[in-house]
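The chain contents come next:
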Amino acid sequence: MNLLRGLEGNGEEGRGGSVSGGGVSSVSVSGGSVSGVSENEPSPTVGIGMDCSIIPVKRREDLFIVQTTDFFYPIIDDPYKMGRIACANVVSDLYAVGVSHIDSMHMIVGVCTKMTPEESGVCTELLMKGFKDAVKEAESVLTGGDTRINPWCTIGGVATSVCKISEFIMPIHAEVGDVLVLTKALGTQMACKAITLIDDQVLWPKILHVAPEEVIRKGYEMAINSMMRLNKTAAKLMHLFNTHACTDVTGYGILGHAENLAKYQKNPVTFSIHNLPVINKMAAVAKVCGNLRLLEGRAPETSGGLLICIPKRQGEAFCKELERQEGIQAWIIGLVEKGDRTAKLIEKPRIIDVSG
């Protein structure tokens, strides 16, 4: 069985990413009738360009539809886990605006024409089971789905929530002096790629110079567990710790998503990234493989963490509370400074090797 059949040679990493975004990106396709962000009272809206759409419900001025669509092709060869990852990636767009209750989900599956009927049947069933189990973990309901014939396997869906204005956080209020918090380590796609290079007679010896095989295998498992993990708890904590803005880190990399978030801020600010928490040894692996995008903040992530702008006095408390509730780390990776609605990675960022 080969879940990645038909994907040979796609993208620099060789696998994974969004069908909508192209290449290896995992880029959300957000619905909406407007472009950008508007905070006109009493009906703020978020449209094309941000993580999800936020649209006032007609005939009910107190309610809003928060919705996103995302689908992409596999980055690992385990269909059940890939289904879970796909669901986590979809719902993350809603978690990025602080929505922690998702009312309904719709599954989208592309059945690969290059698989045998037996392979296709097994893979599709496991993909759907993984997706459904993650929907259940998110405490949502799967209300429908679409299946299409495709040259390669795809998986994704639509997540929808109907919210009051107090239940979501407009991603536009970053202030000078805020800190930038990241809730998942970077390097997921590098970790998934590295494990496939064991038989590569050129790259594998180079990799072994910077990391033993057991570290590569552990990094791969860390990446899978990270990608399957929902950002739900972090979304809830955003309300408790006075979050000013947030996005999730996926196909554009940490710097790309920081840049996108910065340009929508009401205040003239710049996001300055000083630290890069990376799955253990993946920064070194990326370097010896000639892939510098991870060190430049441009490497795509799948089902990545939330990048949160939060008051400095509450940043450390947020990280501690997330670790207390979920047993996982979060990191303060930078600062919000006075600027021109841009983001930057300092010249020599500190690489934090994350081993657990």
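Scroll up a little and you will see the structure.
Residues numbered from 1 in each chain as written. Predicted model: local features only at pLDDT ≥ 70, side-chain atom pairs only at ≥ 80, totals over all residues. Heavy atoms only, no water.

(A) View of the environment of S140. Tracing the chain through its elements places S140 in the loop between α2 (117–137) and β7 (142–150). Assessed through its relative accessible area of 11%, S140 is described here as buried. Expressed as a C-alpha distance, the spacing of S140 and D103, which sit 37 residues apart in the sequence, is 5.7 Å. If near-sequence neighbours (up to four positions away) are discounted, S140 is found in contact with I102, D103, S104, M105 and V135. (Helix = DSSP H or I, 4+ residues; strand = E, 2+ residues; numbered from the N terminus. Buried < 20%, exposed > 50% of the residue type's maximum accessible area, 1.4 Å probe, protein only. Contact = heavy atoms within 4.5 Å.)

(B) Structural context of helix α1 (residues 79–95). Over its 17 residues, α1 runs 24 Å from end to end, which matches the ideal 24 Å to within 8%, given 1.5 Å per residue. If you check the start of α1, you find a side-chain oxygen 3.1 Å away from the backbone N of Y80, and it comes from D78. (Expected span 1.5 Å × (residues − 1). Polar contact = N/O pair within 3.5 Å; in protein donor to acceptor, adjacent residues only side chain to side chain.)

(C) Broad picture of helix α9 (residues 312–326). The end-to-end C-alpha distance of α9 is 22 Å, a good match for the 21 Å that 15 residues give at a rise of 1.5 Å each. The complete set of buried residues in α9 reads Q314, G315, F318, C319, E321 and L322. At its buried positions, α9 is contacted by β9 (179–182), α6 (232–240), β12 (306–310) and β13 (331–338). The first or second residue beyond α9 is G327, which carries a positive phi of 75°.

(D) Fine view of the packing of α6 against α9. The N-to-C vectors of α6 and α9 enclose an angle of 145°; their axes lie 10 Å apart at closest approach. Along this stretch, α6 crosses α9, giving a crossing that reads as right-handed. Contact residues: T233, A234, L237, M238 and L240 in α6; Q314, F318, E321, L322, Q325 and E326 in α9. When grouped by side-chain class, the residues that make up the contact of α6 with α9 number 6 nonpolar, 3 polar and 2 charged. (Axes fitted to C-alpha atoms, helices over the stretch in contact; angles between N-to-C directions. Left-handed = near helix turned anticlockwise from the far one by under 90°. Nonpolar A, V, L, I, M, F, W, Y, C, P; charged D, E, K, R; others polar.)

(E) Quick peek at the sheet that holds β12. In spatial order, the strands read β10-β12-β9-β13-β11-β14; together these 6 strands make up an open sheet with mixed pairing. Two strands in the sheet have a free side with no partner beyond their single neighbour: β10 (245–248) and β14 (342–354). Here the strands of the sheet are splayed against their neighbours by 20° on average, with no regard to which way each runs. In this structure, β9 lies alongside β13, joined through 4 bridges in antiparallel fashion. (Pairing = 2+ DSSP bridges.)

(F) Quick look at the pairing of β12. Counting buried positions over the 5 residues of β12 gives 5, a clear majority of the element. Across the two faces of β12 the burial is the same, with L306, I308 and I310 and L307 and C309 all buried. The sheet contact formed by β9 and β12 spans 4 bridges and is antiparallel. Bridge assignment links L182 to a residue of β12, and that residue is L307. Across 4 bridges, β10 lies against β12 in antiparallel orientation. Residue pairing for β12: A245 is matched across the bridge by C309.

(G) Geometry of the packing of aromatic side chains. Counting across every chain of the model gives 2 aromatic pairs. Between F64 and F168, the ring centres sit 5.2 Å apart and the planes meet at 75°, which makes this aromatic pair edge-to-face. Note that F64 is positioned in strand β5 (residues 60–73) and F168 in the loop between β8 (154–163) and β9, a separation of 104 residues in sequence. F168 shares its class with F64; the two are buried. (Phe/Tyr/Trp six-rings, centres within 6.5 Å; stacked < 30°, edge-to-face > 60°.)

None of this, on its own, says anything about what the molecule does.
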